[in-house]
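Commentary on secondary and tertiary structure
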Amino acid sequence: MSGNEVYSPSTEFSSQAHVGSMEAYQELYRRAEADPEGFWAQQAESEVHWFEKWSHVYEWHPPFVKWFVGAKTNAAYNCLDRHLETRGDKPAIIFEGEPGDQKTLTYRELHAAVGQFSNVLKSRGFQAGDRAIVYMPMIPEAIVAMLACARLGIIHSVVFGGFSAEALKARILDLDASLVLTADGGWRRGKEVKLKGAVDEAVKDCPGIKDVLVYRRTGGECPMNEGRDHWWHDLLPGVSPDCPAEELDSEHPLFVLYTSGTTGKPKGILHTTGGYLTYVASTMKWVFDLKENDIYWCTADIGWVTGHSYIVYGPLACGATCLVYEGAPDFPAWDRWWDIVERHKATILYTSPTAIRALIKQGDEYPNKHDLSSLRLLGSVGEPINPAAWDWYYRVIGKSRSPIVDTWWQTETGGILIAPMPGAVPLKPGSGTLPMPGVLTDVVDFYGEKVAPGAEGFLIIRRPWPSMIRTIWGDPERFEQQYFSRMPGIYFTGDAARRDEDGYFWVLGRVDDVMNVSGHRLSTMEVESALVRHPAVAEAAVVGKPHEITGQAVCCFVSLKQGNWDHGVLGKELRQWVAHEIGAFARPEEIRFAESLPKTRSGKIMRRLLREIVTSNTVTGDVTTLEDLGVVTRLSAQHDED
Ligand code: WT7
């Protein structure tokens, strides 16, 4: 593969696609650009149920936007009730637990489960505007929890089960949440991963929490706190499944999802209801070419935005059948995913380059043992997909037949902004190709001027779209500063990109101090703050280091306080410390000790230099502002000693 191939859609694919030609795509794009109001009003009418219609389509007072102003809707109603008549007996969720247990919930059954749990929440006094934390494994009840909140207008914040008690506590406090929905634990690689213990540790410092409701998943030991904690199954008997969906304002907050920014403090990204639903449902059809009979499988966890938009709200709003798998890809063996695809006849698979690279490493014999012929479309998300991973995904999984949609977006964007419509847009491996209708992406220089084709610059979006972040929870100044201060009225993505002669976008990575580890965002500052909380650490600097599987790995430079430290022991302890402070996925790959960290004369840590050290182990460029050049030489040399 030279890296320059273009893969045009096959006639077979195009002829059945929602958008079946480049002309059709361009026509949609032109219409949305010329008349955003008319275009999005039409999408909102066709994709979403409204109790009451809007007075106007959008209101833009940069940086604040409102969509479908004055309209009333409900996300859970859209995902459940409106399908009952035509899709009541269609599976909404086909669940497979890691131990092999299976459960299918039809739309009627999911509707009843959500209604019943909503009534439980209601009877316990929770109501629209309250905040609930969802800290659960990947099981159907996690989706029930989200939809029950949405049904009542309770704002949910799902915290990925891999986050630590510390991270959980910070989120509960920032949101001032009153409810935690959790489980005893979940299954991962044949072992129970406990969740309730972390909840107990977090909640003891959170006086605002009234209830902790616990789903029994593993049956393992699970201490319960009298009065505060309740078993889910104890609350259900006798409770009616009929619970009318609240008629909520289009701008009613649906969820807050925390993501790493450039500082040590995670940002609570707020998404609201009507515009978000319109956008995720639209992109489900445009990008995944979703059809009534598809068996759709997104391997993300609901703790990330991919799970929110493309496991829960997008697919269910469209009445799709979704596969949900609880556990690890290598349990009991590395063909677990392919076994799932074969048995459930999955037609669409959406996963990440990091997962693909891990699977490649195990060898082709695992996918080749299974019949993958049901697959008709593949998706990728989280980071740029490298040519080798693209090629393997295309050939070995897709049998050179299924298009790959490389989807660029962010927690803040709510939905996919750049991706091919697979029946229309020719693919170029490694490029997200072209923007969605109504999304005015561009690549600009430091002054906001458009750069020439092929040149690198900042990826920006010139106009608001319906699923855009509304604010950072509790911090509108940071919201404006972060995304709209460089170019007023223009959304700054924080990514570098270039645009080629065909107008295709190639996203190159972050321009800020944010790492991308296994497709998850992690701020260097967040890890640094965790490190300096350790009593032995004087100073820390953290950079992302290229990694074969995870894209980037966390590499830490640490200088210690006075004392006689055993670097071997302390290195292990610090890795464990970060995992405990943030979560296991943030565990550093490498800790390097230094007498001091390289700084400019003004005292700023020279991260660029450290990045070069971990990338190439050589140092180039301008180092004249370095306080102590010797520090750099010692840091580079240390690698060879290890
Ligand atoms: C950052 C957003 C969107 C859900 C998963 C991550 C990078 C994401 C791609 C892609 C190149 C990508 C960007 C972006 N990114 N998808 N297809 N090609 N880069 O969500 O944690 O909010 O991270 O992930 O750098 O800014 P997130």
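Residues numbered from 1 in each chain as written. Predicted model: local features only at pLDDT ≥ 70, side-chain atom pairs only at ≥ 80, totals over all residues. Heavy atoms only, no water.

With respect to topology, 7 strands assemble into an open sheet ordered 5-4-17-16-18-19-20, the strand pairing being mixed. At either end of the open sheet lies a strand with only one pairing partner, and these are strand 5 (102-106) and strand 20 (404-407). Along the sheet, successive strands turn relative to each other by an average axial angle of 20°, direction set aside. Inspection of the sheet shows strand 16 (residues 295-298) paired to strand 17 (residues 321-325) by 3 bridges, in the parallel sense. (Pairing = 2+ DSSP bridges. Helix = DSSP H or I, 4+ residues; strand = E, 2+ residues; numbered from the N terminus. Axes fitted to C-alpha atoms, helices over the stretch in contact; angles between N-to-C directions.)

Moving on: the site of the ligand. Close to the ligand lie 18 residues, the nearest being Asp406, Thr407, Thr411, Arg510 and Arg521. Between the ligand and Thr407, the relevant distance is 2.7 Å, taken from a nitrogen atom to a main-chain nitrogen or oxygen of the residue. Here the ligand loses 95% of its free accessible area of 550 Å² to cover by the protein chains. At the level of elements, helix 12 (305-317), strand 20 and strand 25 (505-510) are the ones that each hand at least two residues to the shell around the ligand. Residues that form the shell around the ligand fall into these classes: 6 nonpolar, 7 polar and 5 charged. (Near = heavy atom within 4 Å. Polar contact = N/O pair within 3.5 Å; in protein donor to acceptor, adjacent residues only side chain to side chain. Areas by Shrake-Rupley, 256 points an atom, 1.4 Å probe, with all protein chains shown as cover. Nonpolar A, V, L, I, M, F, W, Y, C, P; charged D, E, K, R; others polar.)

So, about the UniProt feature "modified residue: N6-acetyllysine" (unreviewed entry) in the protein chain. Here, the residues flagged by UniProt with the feature "modified residue: N6-acetyllysine" (unreviewed entry) are Lys604. Secondary-structure assignment places Lys604 in the loop between strand 30 (590-593) and helix 20 (607-616). Among the residues examined, Lys604 registers a relative accessible area of 61% and is labelled exposed. Not counting the four nearest positions on each side in its chain, Lys604 is found in contact with Pro598 and Lys599. (UniProt positions renumbered as here; feature names shortened; annotations may be inferred. Buried < 20%, exposed > 50% of the residue type's maximum accessible area, 1.4 Å probe, protein only. Contact = heavy atoms within 4.5 Å.)

Time to look at the side chain of Thr306. Take Thr306: it is sitting in helix 12. Beyond its immediate chain neighbours, meaning those up to four positions away, Thr306 contacts Cys298, Ala300, Ile311, Tyr350, Val381 and Trp409.

This part takes up the sheet that holds strand 22 (residues 456-461). The strand order across the open sheet formed by 4 strands is 21-22-24-25, and the pairing between neighbours is antiparallel. The sheet terminates laterally at strand 21 (441-444) and strand 25, the two strands that pair on one side only. Between one strand axis and the next, the sheet turns by 45° as a mean value, whatever way the strands run. Here 4 bridges tie strand 21 to strand 22, and the two strands are oriented antiparallel to one another. Bridge assignment links Val444 to a residue of strand 22, and that residue is Phe458.

So, on to empty space enclosed by the protein. Here the structure, examined in full by the defined rule, presents 2 cavities of 30 Å³ or more. The space that makes up the largest cavity amounts to roughly 60 Å³. Taken together, Phe163, Arg171, Tyr258, Thr259, Ser260, Trp304, Arg521, Leu522, Glu526 and Phe585 form the lining of the largest cavity. When residues of the lining of the largest cavity are traced back to their parent elements, those giving at least two are strand 14 (253-259) and strand 27 (520-523). When the residues that make up the lining of the largest cavity are grouped by side-chain class, the tally is 5 nonpolar, 2 polar and 3 charged. Two domains each put at least three residues into the lining of the largest cavity: domain 1 (35-284) and domain 2 (517-641). Split by residue class, the lining of the second largest cavity holds 7 nonpolar, 1 polar and 1 charged. (1 Å grid on protein atoms, 1.4 Å probe; cavity = no way out; pocket = protein on both sides within 12 Å on 5 of 7 lines; lining within 4 Å. Points joined across faces, edges and corners; volume = space filled by probe spheres on them. Domains from an automatic or database assignment.)

Between helix 6 (residues 107-123) and helix 7 (residues 140-152), the shortest axis-to-axis distance is 8 Å and the interhelical angle comes to 65°. Every pair of crossing elements has a handedness; the one defined by helix 6 and helix 7 is right-handed. In contact with Leu110, His111, Ala113, Val114, Gly115, Phe117, Ser118, Leu121 and Lys122 of helix 6, helix 7 contributes Val144, Ala145, Leu147, Ala148, Cys149, Arg151 and Leu152. Residues that form the contact of helix 6 with helix 7 fall into these classes: 11 nonpolar, 3 polar and 2 charged. (Left-handed = near helix turned anticlockwise from the far one by under 90°.)

The next subject is unusual backbone geometry. For residues other than glycine, phi is negative in most cases, and the peptide bonds are mostly trans. Along the chain, Pro62 connects to Pro63 via a cis peptide bond; the corresponding omega equals 5°. Of note, the amide linkage connecting Phe331 to Pro332 takes the cis form, showing an omega dihedral of -5°. For Pro332, the location among the structural elements is in the loop between strand 17 and helix 13 (336-344). Positive phi, close to 55°, is recorded for Lys345, a residue that is not glycine. Positionally, Lys345 belongs in the loop between helix 13 and strand 18 (348-351). Given the relative accessible area of 54%, Lys345 is considered exposed.

With 17 residues, helix 6 ought to run about 24 Å at 1.5 Å a step, and its terminal C-alpha atoms sit 24 Å apart, in line with that. Among the residues making up helix 6, those that are buried are Tyr107, Leu110, His111, Val114, Gly115, Phe117, Ser118, Asn119, Val120 and Leu121. A positive backbone phi angle near 95° is found at Gly125, which sits one or two residues after helix 6. (Expected span 1.5 Å × (residues − 1).)

So, on to the domain arrangement of the protein chain. Taken domain by domain, the protein chain holds domain 1 (35-284) and domain 2 (517-641). The distance between the C-alpha centroids of domain 1 and domain 2 comes to 37 Å. Surface buried jointly by domain 1 and domain 2 totals about 990 Å² across both partners, of which 49% is contributed by carbon and sulfur atoms. Seen at the junction of domain 1 and domain 2, the total is 0 salt bridges. In this assembly, domain 1 and domain 2 are joined by 7 residue pairs in polar contact (both at pLDDT 80 or more). Of the residues assigned to the side of domain 1 that touches domain 2, the class counts are 4 nonpolar, 8 polar and 3 charged. (Buried area = accessible area lost by both parts, 1.4 Å probe. Salt bridge = Lys/Arg side-chain N within 4 Å of Asp/Glu carboxyl O.)

Another aspect to go through is the pattern of salt bridges. The full count for this structure, using the stated rule, is 45 salt bridges. Residue Glu412 is joined to Lys267 by a salt bridge in which the shortest nitrogen-to-oxygen separation is 3.6 Å. Here the residue Glu412 occupies a position in the loop between strand 20 and strand 21, and Lys267 occupies one in strand 15 (residues 267-272), the gap between them amounting to 145 residues. We note that Glu412, like Lys267, is buried.

On strand 16, burial covers both faces: Ile295 and Trp297 on one face and Tyr296 and Cys298 on the other are all buried. Of the crossover connections in this fold, the one passing from strand 16 over helix 12 to the parallel strand 17 is right-handed. Sheet analysis places strand 16 next to strand 18, joined by 3 bridges and oriented parallel. Looking at strand 18, one finds that Trp297 is bridged to Leu349. (Right-handed = clockwise from strand over helix to strand, strands pointing away.)

What follows deals with the nonpolar core. Membership of the largest hydrophobic core comes to 175 residues, with the highest contact counts inside it found for Leu147, Phe288 and Tyr313. Considering each element in turn, this core owes the most residues, 10 residues, to helix 7. Both domains that meet at this core, namely domain 1 (35-284) and domain 2 (517-641), each give it at least three residues. Apart from residues lying up to four places away in sequence, Tyr313 is in contact with Ala75, Cys79, Met146, Leu147, Ala150, His156, Leu254, Phe255, Tyr276, Leu277, Val280 and His308. One finds Leu323, Ala355, Ile385 and Trp392 within the second-largest nonpolar core, a separate group that totals 28 residues. (Core = buried A, V, L, I, M, F, W, Y, C linked by side-chain atoms within 4.5 Å.)

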